[in-house]
Amino acid sequence: GAVVSQHPSWVICKSGTSVKIECRSLDFQATTMFWYRQFPKQSLMLMATSNEGSKATYEQGVEKDKFLINHASLTLSTLTVTSAHPEDSSFYICSARDRGSGTTDTQYFGPGTRLTVL
Amino acid sequence: GIQVEQSPPDLILQEGANSTLRCNFSDSVNNLQWFHQNPWGQLINLFYIPSGTKQNGRLSATTVATERYSLLYISSSQTTDSGVYFCAVDGNQGGKLIFGQGTELSVKP
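Residues numbered from 1 in each chain as written. Chains lettered and ligands numbered in written order. Predicted model: local features only at pLDDT ≥ 70, side-chain atom pairs only at ≥ 80, totals over all residues. Heavy atoms only, no water.

A. Summary view of the state of the cysteines. All names here are of chain A. Applying the stated criterion across every chain yields a total of two disulfides over all chains. Residue cysteine 23 pairs covalently with cysteine 94 via a disulfide, S to S 2.0 Å. An S-S torsion of about 80° defines the bridge between cysteine 23 and cysteine 94 as right-handed. Taken together, the residues cysteine 23 in strand β3 (residues 19–25) and cysteine 94 in strand β9 (residues 90–98) connect sequence positions 71 residues apart. Assessed through its relative accessible area of 0%, cysteine 94 is described here as buried. A disulfide-free cysteine, cysteine 13 has its sulfur positioned 19 Å from the sulfur of cysteine 94, the nearest such atom. The class for cysteine 13 is buried, based on a relative accessible area of 9%. (Disulfide = S-S within 2.5 Å. Helix = DSSP H or I, 4+ residues; strand = E, 2+ residues; numbered from the N terminus. Buried < 20%, exposed > 50% of the residue type's maximum accessible area, 1.4 Å probe, protein only.)

B. Spatial organisation of the interface of chain A and chain B. With 22 residues of chain A at the interface, the matching set in chain B holds 19 residues. Buried surface at the junction of chain A and chain B, both sides included, amounts to about 1,600 Å², of which 50% is carbon and sulfur. Interface area lost by chain A to chain B is led by A:Ser43, A:Gln107 and A:Phe109, which between them contribute 29%. At the boundary of chain A and chain B, one finds two salt bridges. Linking A:Glu59 and B:Lys96 is a salt bridge whose minimum nitrogen-to-oxygen distance equals 2.9 Å. Of all elements in the fold, only β4 (32–38), β5 (44–51), β9 and β10 (106–109) of chain A reach the threshold of two or more residues within the side of chain A that touches chain B. The element contributing the most residues to the side of chain A that touches chain B is β10(A), with four residues. (Contact = heavy atoms within 4.5 Å. Buried area = accessible area lost by both parts, 1.4 Å probe. Salt bridge = Lys/Arg side-chain N within 4 Å of Asp/Glu carboxyl O.)

Shown next, in the form of structure tokens:
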């Protein structure tokens, strides 16, 4: 099946620093990727839609200047948390939509990145 | 926007028991997926099932689109089935998945 990777799997940083998270589709091309955030014991909340070659679209309430998204190729999207603060600590998960031959709009999820901001 | 409700929120089973998890959604959808989130946070695709019935081993799922619900059946449960099960739908929003709150399943040996 389709595989999505994320890097790093976990990161600890000091308040005020920026952190970049990579999301890659390993065996398929993804014109669209999605970024989600999950707090402990809660569900996944969609943050933004990442479109290859164009600007990301953000969900209501998500600060686009704080969560910078770049989708530079058909297999890579990056999320940069700028000037991170403790309240940004969360589990960040990406997904990619495989629209390859014969498949439906199934989304495949990366393993997630656990961010802790001290 | 579309609302997704899952029930029950928690479920404790003895190994070998069967269970049914439910997902209700408030509007028509063109994508519905069931996932299992393991203890490390990885979401595992179980089914892509906007309508109809599918089976994969001990798991099966049925979606009745006209009545806006989906069911996930787990038979002969095993301890490795423990974790959180999520239903997620795309209500014709360009692929955006809206997740339910999940059902946390614990299977005891």
